[in-house]
Amino acid sequence: MKLRLLMLGAAMAASSAVAAPRGFTVEDLVNLERVGSPAVSPDASRVVYTVRRTDLGKNRGHTSLWLADVKGATAPKALTDHDSSSTDPEWSPSGDAVYFLSSRSGSSQVWRQAAGGGEPVQVTNLPLDVDNFRVSPIGDRIAFSMAVFRDCLDLACTRERMDAQSKNKASGRVYDRLFVRHWDTWADGRNAVLFSAPLDANGRVGTAPVSLSGTLDGDVPSKPFGDREEYRFSPDGKTIVFSARIAGKTEAWSTNFDVYSVPAVGNAAPRNLTAANPAWDTKGVFSPDGQTLAYLAMARPGFEADRFQIMLMDVASGKKRKLAEKWDRSAGALQWSADGRTLVVDAEDVGQHRLFSIDVASGKLTALTDKGSIGGFDMRRDTIAYTQATLSSPAQLYTTLLSGASPKKLTDNNAEKLADVRFGEFEQFSFAGANGDTVHGYVMKPWNATPGAKYPIAFLVHGGPQGSFGNAWSYRWNPQVYAGAGYATVFIDFHGSTGYGQKFTDAISGDWGGKPLVDLQKGLAAAVKKFPWLDRERSCALGASYGGYMMNWIAGNWPDGFKCLVNHDGVFDTRGMAYSTEEQWFTDWENGGPYFAVPQQHERFNPVHHVNKWKTPMLVIQGDLDFRIPTAQALSTFTALQRRGVESKLLVFPDENHWVLKPANSLLWHHTVIGWLDQQLKR
């Protein structure tokens, strides 16, 4: 008996040791499974979704499809299992199979997997990569996008020209218009063109596809981030609507997207449905009866962060009206209820990203979710499936009912990996910012915070600048990584942030170094006053993109504010930025016009004029494939620091764009940043 008790005690001690709480690490972050892309079956009984896992050995992610029971009666199960990823799931109209994209044949093609299992069937076998697709609601046709040379008469022509280019020993290219490069890719003369093709009795494409948008000088979907949300079939499968911007010589400074209609069989030219609006129109979705088209529209040309207003267009007459006009939020994706009486939409809302339903007749708004941030969502019948994350949880899959019900959680990915992790506690707060306006922010404690202790601060500044650091989970700027390393974090949604009304979002344009800096200063002071565990004397500010700009601005205009700074892909010289960034409309709008027209506006908040006051140690980070804020900006920042004799380091990623995406690079990024904080704040 005594031996048995001793053995039991040893086992309990070992169990306790394993279960001892610990902080969240960079390695945890990189190795998490990522849940996304939910699609509800036509009978609303099942949800197919994606799970992305990290393959550190291959330094990439791998995505597979999973199937969950809507009622949660059975555990989710894998639907695909292959060395190549499976993405973009979509149900067949009958619900007997799932279509998806995969490169398992050597190029990206559409595949079809029976819902009950078995071997998948290849649906397309085309000479070019399929980038995205949709299946007709009646199952007779598929629409998809491919990058082609628009002057080619068939796909073989594009393939042959690409092959010839790859063999050409001369690497030079000649351009006569912008975009020369966009995001992280140099233009090669191809456009993303929308095609369609019939599906045979076996659900395969057996004939040559027809071009639907190739007569237009533009990309469908848009580059660099457009996807299949930008085109849809009508309920009868006879019509497709899509969004496109005519390029010409003005594409780099235009936000004039329009919604077009085209026969699905491609026997007529696309028809512009929103030509009267010179701003951004997109994401058209037909009502179940096909009589109404809902879409999103901005009002101000040239402004990418304008409010997306929901529009309803009568298909027969073309008459349009605004829905929920007084709702001061920018709508995201749209979906109709089965009876056509309700639209479901996602939108940022005071530090959250929520789902809402809108009554089509009255415009009455009802919140469907509360705290946290919605990712993708889908609806069939009365069932809504969605992913939701918070500051203390990566995205999980949930379902709820349009008619009202408590959310049901269907997945618990990463539970085992995070079983012994204690996340930092967080809290939203508000204060009087610039002009006395109410401004919101969040604070987060270190994972092991104890009463009475003070902790060094990682002060995170979001990019955009029209963006938000809210109650969400990030794989690039995640406060829990800092909490796990023993830091408190503070992040402020300053003037210009989204989710607080369009007037608040507008407030940053033309005032980059004004009200936002005041908000950051007042927000940090308010946080320190309210939360005594914050150690103001040991604080470091960190930011990327506009947040990186703010690091340069702080260096010259709040030089005693912090012990150190971390600047990722930040603007150093607004003149250089105006002439080298690819999306010219952005700098034009933010400064009231192009540099040559209003140079004084661009120079008003230019960090380059304040370098003589720089003295705060700074870590500078740059992705060399970042064409949004090109590498010269980072090199100039580092050069200025070195010439000034300011303690500084430069980390460059030759193979990353505006973001750091590769797992190994993410590990290096985080360890370098945390190491910089440790060096500056813990010595």
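Before reading further, recall that the structure is shown in the block above.
These numbers were taken from a predicted model, which means no experiment stands behind them.

A. Just the sheet that holds strand β37 (residues 618–623), in detail. Taken together, the eight strands give an open sheet; going across it, the order is β31-β32-β34-β33-β35-β36-β37-β38, and neighbouring strands pair in mixed fashion. Both edges of this open sheet fall to β31 (426–432) and β38 (648–653), since each of them pairs with a single strand only. Here the average twist between neighbouring strands, direction ignored, is 20 degrees. Across the sheet, helix α6 (residues 515–530) lies against β31, β32 (438–444), β33 (455–461), β34 (488–493) and β35 (534–544), angled at about 120 degrees from β31, the strand it touches most. Here helix α11 (residues 631–644) sits on the sheet in contact with β36 (564–568), β37 and β38, set at roughly 160 degrees to β37.

B. Geometry of the pairing of strand β9 (residues 132–135). Residues Asn 132 and Arg 134 point to one face of β9 and Phe 133 and Val 135 to the other, with burial holding for every one of them. Between the end of β9 and the start of strand β10 (residues 141–148), which pair antiparallel, lie five residues, with Gly 139 showing a positive phi angle near 75 degrees.

C. A look at α11. Between its terminal C-alpha atoms α11 stretches 20 Å, which fits the 20 Å expected from 14 residues at 1.5 Å a residue. If you check which residues of α11 are buried, you get Thr 631, Gln 633, Ala 634, Thr 637, Phe 638, Ala 640 and Leu 641. Elements that come into contact with the buried residues of α11 comprise α7 (546–557), β36, α8 (574–580), β37 and β38.

D. Main features of the state of the cysteines. In the structure shown here, the tally under the stated rule is two disulfides. At a sulfur-sulfur separation of 2.0 Å, the disulfide partner of Cys 152 is Cys 157. Taking the sign of the S-S torsion, about -55 degrees here, the bridge from Cys 152 to Cys 157 comes out left-handed. Residue pairing for Cys 540: its cysteine sulfur links by disulfide to Cys 564, the two sulfurs lying 2.2 Å apart. Looking along the S-S bond of the Cys 540-Cys 564 disulfide, the torsion reads about -130 degrees, which is the left-handed sense. Here Cys 540 is found in strand β35, whereas its partner Cys 564 is found in strand β36, with 24 residues between them in sequence. Neither Cys 540 nor Cys 564 differs from the other in exposure class; each is buried. Along the chain, the cysteines engaged in disulfide bonds are linked according to the scheme 1-2, 3-4 when indexed in sequence order.

Cut-offs and rules
- Residues numbered from 1 in each chain as written.
- Predicted model: local features only at pLDDT ≥ 70, side-chain atom pairs only at ≥ 80, totals over all residues.
- Heavy atoms only, no water.
- Pairing = 2+ DSSP bridges.
- Helix = DSSP H or I, 4+ residues; strand = E, 2+ residues; numbered from the N terminus.
- Axes fitted to C-alpha atoms, helices over the stretch in contact; angles between N-to-C directions.
- Contact = heavy atoms within 4.5 Å.
- Buried < 20%, exposed > 50% of the residue type's maximum accessible area, 1.4 Å probe, protein only.
- Expected span 1.5 Å × (residues − 1).
- Disulfide = S-S within 2.5 Å.

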